[in-house]
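Below are the chains, spelled out letter by letter.
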Amino acid sequence: MDLVQAIDLIYLFRIQGEEGNAWKVAFQTDGTQDETRNYETTPTKDGAKKTAGDYEGSHSLTSLLAKGDEDIRKINDLVRKDNPEKLEVWEIDRSDIGESENIPGDYSTDVVTSFSKSAGADGNVEVSIETEVEGTIISGDVTVTPELLAILQKISEEQEFVQPIVAEETTE
């Protein structure tokens, strides 16, 4: 059994309702997916009985800020708006990308709760994004498409990826 390498877990995003493909925030340095559930303990004469409470999920992403990054601006706008859209989030394990038509992933619809930018006297500007899951995180298989391959294969280079043109319907 092989270990999953941290560099192989990446996050893709799309504003809910936005047309087109999901996109990757450039220069991701850290990502966290948290899931918790509280339990209430009721003492009984036969011992303690646990009752499941509410589920909570969240994501945290840290990346270095790329010049002119419009995707970061879109996520930041979700915190500033009075009635913001939701953010669709995919956590994808790209370690088996060349061996299968599907790769494991998790999907959720989140609300962006925090956006911060840190700029010290030296080094690069760092961006941190915090979200909370609405509902639950759903695990499944992500279909490997040419568009997804293009995003995943350019990660090591961290070049800006331009989404391919979405095919328009042809009229006959």
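That block above? That's the structure.
What counts, and where the lines are drawn
Within any chain, residue numbers begin from 1 and follow the written order of that chain's sequence. Predicted model: local features are reported for residues with pLDDT of at least 70 only, side-chain atom pairs are reported and counted for 80 or more only, and whole-chain, interface and lining totals are derived from all residues. The side-chain numbers reported here are obtained from all heavy atoms of the structure, hydrogens and water having been left aside. Within this scheme, the nonpolar core is defined by two criteria: the residues are buried Ala, Val, Leu, Ile, Met, Phe, Trp, Tyr or Cys, and they are joined through side-chain atoms within 4.5 Å. The classification of residues rests on relative accessible area computed with a 1.4 Å probe and restricted to protein chains. Under 20% of the type maximum is buried, over 50% is exposed, and intermediate values are partly exposed. Helix and strand assignments come from DSSP, with helices taken as H or I runs of at least 4 residues and strands as E runs of at least 2, each series counted from the N terminus. Contact criterion: two residues are considered in contact whenever any of their non-hydrogen atoms come within 4.5 Å of each other. This arc corresponds to the set of directions leading from the helix axis out to the C-beta atoms. Throughout this description, a polar contact denotes any pair of N or O atoms lying within 3.5 Å of each other; where both atoms belong to protein, one of them has to be capable of donating a hydrogen while the other can accept it, and for residues adjacent in sequence the pair is counted only when both atoms sit in side chains. Two strands make a pair as long as DSSP finds a minimum of two bridges between them. Angular values range over 0 to 180 degrees, each being the angle between N-to-C directions of two axes fitted as lines to C-alpha atoms, with helices fitted over their stretch in contact.

1. Section: the nonpolar core
Of all hydrophobic cores here, the largest spans 15 residues; its most connected members are Phe 13, Val 25, Ile 75, Leu 87 and Ile 129. At the level of elements, β1 (9-15), α1 (70-80), β5 (87-93), β6 (102-118) and β7 (126-143) are the ones that each hand at least two residues to this core. Beyond its immediate sequence surroundings of up to four residues, Phe 13 is in contact with Ala 22, Trp 23, Val 25, Gln 28, Leu 61, Ile 75, Leu 87, Glu 88, Val 89 and Trp 90. Residues Trp 90, Ile 103, Leu 148 and Ile 151 belong to the second largest nonpolar core, which totals 10 residues.

2. Structural notes on α1
Within the span of α1, buried status applies to Asp 71, Ile 72, Ile 75, Asn 76 and Leu 78. The buried residues of α1 occupy an angular sector of 145° when projected down its axis, which confines them to one face. Away from its buried face by more than 90 degrees, α1 exposes Arg 73 and Arg 80. Lining the buried residues of α1 we find β1, β2 (23-24), β4 (47-64), β5, β6 and β7. Where α1 starts, the residue carrying a side-chain oxygen 2.9 Å from the main-chain nitrogen of Asp 71 turns out to be Asp 69.

3. Examining the sheet that holds strand β3 (residues 28-44)
One open sheet accounts for 7 strands, arranged β2-β1-β5-β6-β7-β4-β3; its pairing is antiparallel. Two strands close off the open sheet at either side, each with one partner strand: β2 and β3. Contacts from α1 reach β1, β2, β4, β5, β6 and β7 within the one sheet, and its direction differs from that of β6 by about 65°.

4. A word on the environment of Ser 139
Relative to the helices and strands, Ser 139 is located in strand β7. By relative accessible area, which is 60% here, Ser 139 ends up exposed. Taking the C-alpha atoms as reference, Ser 139 lies 9.3 Å from Glu 91; in sequence the two are 48 residues apart. Among residues more than four places away in sequence, those in contact with Ser 139 are Gly 105 and Asp 106. In terms of polar contacts, Ser 139 uses its side chain to reach the side chain of Asp 106, at 2.6 Å.

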